[in-house]
Amino acid sequence: DQQVKQNSPSLSVQEGRISILNCDYTNSMFDYFLWYKKYPAEGPTFLISISSIKDKNEDGRFTVFLNKSAKHLSLHIVPSQPGDSAVYFCAASPKTGTASKLTFGTGTRLQVTL
Amino acid sequence: GAGVSQSPSNKVTEKGKDVELRCDPISGHTALYWYRQSLGQGLEFLIYFQGNSAPDKSGLPSDRFSAERTGGSVSTLTIQRTQQEDSAVYLCASSSHRRGTVNSPLHFGNGTRLTVT
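Residues numbered from 1 in each chain as written. Chains lettered and ligands numbered in written order. Predicted model: local features only at pLDDT ≥ 70, side-chain atom pairs only at ≥ 80, totals over all residues. Heavy atoms only, no water.

1. Digging into the overall build of chain B
Along its length, chain B carries zero helices and ten strands. Helices and strands appear in chain B in the N-to-C order β-β-β-β-β-β-β-β-β-β. Relative to the compact-globule value of 13 Å for 117 residues, chain B shows a C-alpha radius of gyration of 14 Å, a close match. Seen through its C-alpha atoms, chain B measures out along the principal axes to roughly 45 × 30 × 30 Å. Split into buried and exposed, the 117 residues of chain B put 50% on the buried side. In chain B, the share of contacts with a sequence separation of at least 24, taken over all contacts with a separation of at least 6, comes to 56%. Total accessible area computed for chain B in this model is approximately 5,700 Å², and 43% of it derives from carbon and sulfur atoms. Charged side chains of chain B number 12 positive and 10 negative; the gap between the two group centres comes to 3 Å. (Helix = DSSP H or I, 4+ residues; strand = E, 2+ residues; numbered from the N terminus. Rg over C-alpha atoms; globule rule 2.2 N^0.38 Å. Buried < 20%, exposed > 50% of the residue type's maximum accessible area, 1.4 Å probe, protein only. Contact = heavy atoms within 4.5 Å. Areas by Shrake-Rupley, 256 points an atom, 1.4 Å probe, with all protein chains shown as cover. Lys, Arg positive; Asp, Glu negative; His and termini not counted. Charge placed at Lys NZ, Arg CZ, Asp CG, Glu CD.)

Below is the structure:
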């Protein structure tokens, strides 16, 4: 039972354009959402997060949008740079204040071309 | 070092042998997680330690898998009688997450690539 789904295994975007990575979830108990970025042979690194009380969070070139009614979130990267080429994992966590663990999606491989 | 350290970085073992994977979390982090990533798959939760609480073992795939965390710091993941389907990258992560606080991001190590032949 895949509670966090990233339906696009890969995405190719030209440098300077916008990259949009999508994530859907099924568990209505999820309250906090994060994006992680992973380079080959390295562990994932935290990128950006959003709480369910918000619908948007922005950090530099990265913006995460949350649509609770659709149980959907997306990560926008603009402008995309070659160094953004990596695998991006969406993750979700139950309500804050409880001992919790993250549930990860299967990842989307982003390739930013010159 | 300042980050999460895992050893070994690579391990090749024969089917049926036992293996131990080690994780040194970031100093002061009370939460420690083990995940694994099989080829072409996402990150699969295995086990979670939080302070002195009983660990959440709900993700362990079989009783061949066990983990302990000594002194609230270093953790060892043990796989007994390894099988080929155990081949994966095993990732350890730590965070400063505490009850009642906003979830803190996980800090991952670089993982141990386990190959069972």
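2. Some details on the state of the cysteines
Per the counting criterion, the structure on display carries two disulfides over all chains. Each sulfur in the disulfide pair Cys23 of chain A and Cys90 of chain A lies 2.0 Å from the other. Where Cys23 of chain A bonds to Cys90 of chain A through sulfur, the torsion about that S-S bond is close to -70°, and the disulfide is left-handed. Separated by 67 residues along the polypeptide, Cys23 of chain A in strand β3 (residues 19–25) and Cys90 of chain A in strand β9 (residues 86–94) bring together distant segments of the chain. Of the two residues examined, Cys23 of chain A and Cys90 of chain A, each falls in the buried class. Each sulfur in the disulfide pair Cys23 of chain B and Cys92 of chain B lies 1.8 Å from the other. On the S-S bond that ties Cys23 of chain B to Cys92 of chain B, the torsion sits near -65°, and the link is left-handed. Separated by 69 residues along the polypeptide, Cys23 of chain B in strand β3 (residues 19–24) and Cys92 of chain B in strand β8 (residues 88–95) bring together distant segments of the chain. (Disulfide = S-S within 2.5 Å.)

3. A closer look at the packing of aromatic side chains
Under the definition given, this model contains twelve aromatic pairs over all chains. Centre to centre, the rings of Tyr36 of chain A and Phe104 of chain A are 5.6 Å apart; their planes meet at 55°, and the pair counts as tilted. Placement of Tyr36 of chain A in strand β4 (residues 30–38) and of Phe104 of chain A in strand β10 (residues 103–104) is noted, with a sequence separation of 68 residues between them. For the ring pair Tyr36 of chain A and Phe108 of chain B, a centre distance of 5.8 Å and an interplane angle of 90° mean the geometry is edge-to-face. Here Phe108 of chain B lies in strand β9 (residues 107–108) and Tyr36 of chain A lies in strand β4, a pairing that spans two chains. Owing to a relative accessible area of 0%, Tyr36 of chain A belongs among the buried residues under this scheme. Residue Phe108 of chain B is classed as buried on the basis of its relative accessible area, which comes to 10%. An aromatic cluster is built from Tyr36, Phe46, Phe89 and Phe104 of chain A together with Tyr33, Tyr35, Phe45, Tyr48 and Phe108 of chain B, whose rings are joined through pairwise contacts. (Phe/Tyr/Trp six-rings, centres within 6.5 Å; stacked < 30°, edge-to-face > 60°.)

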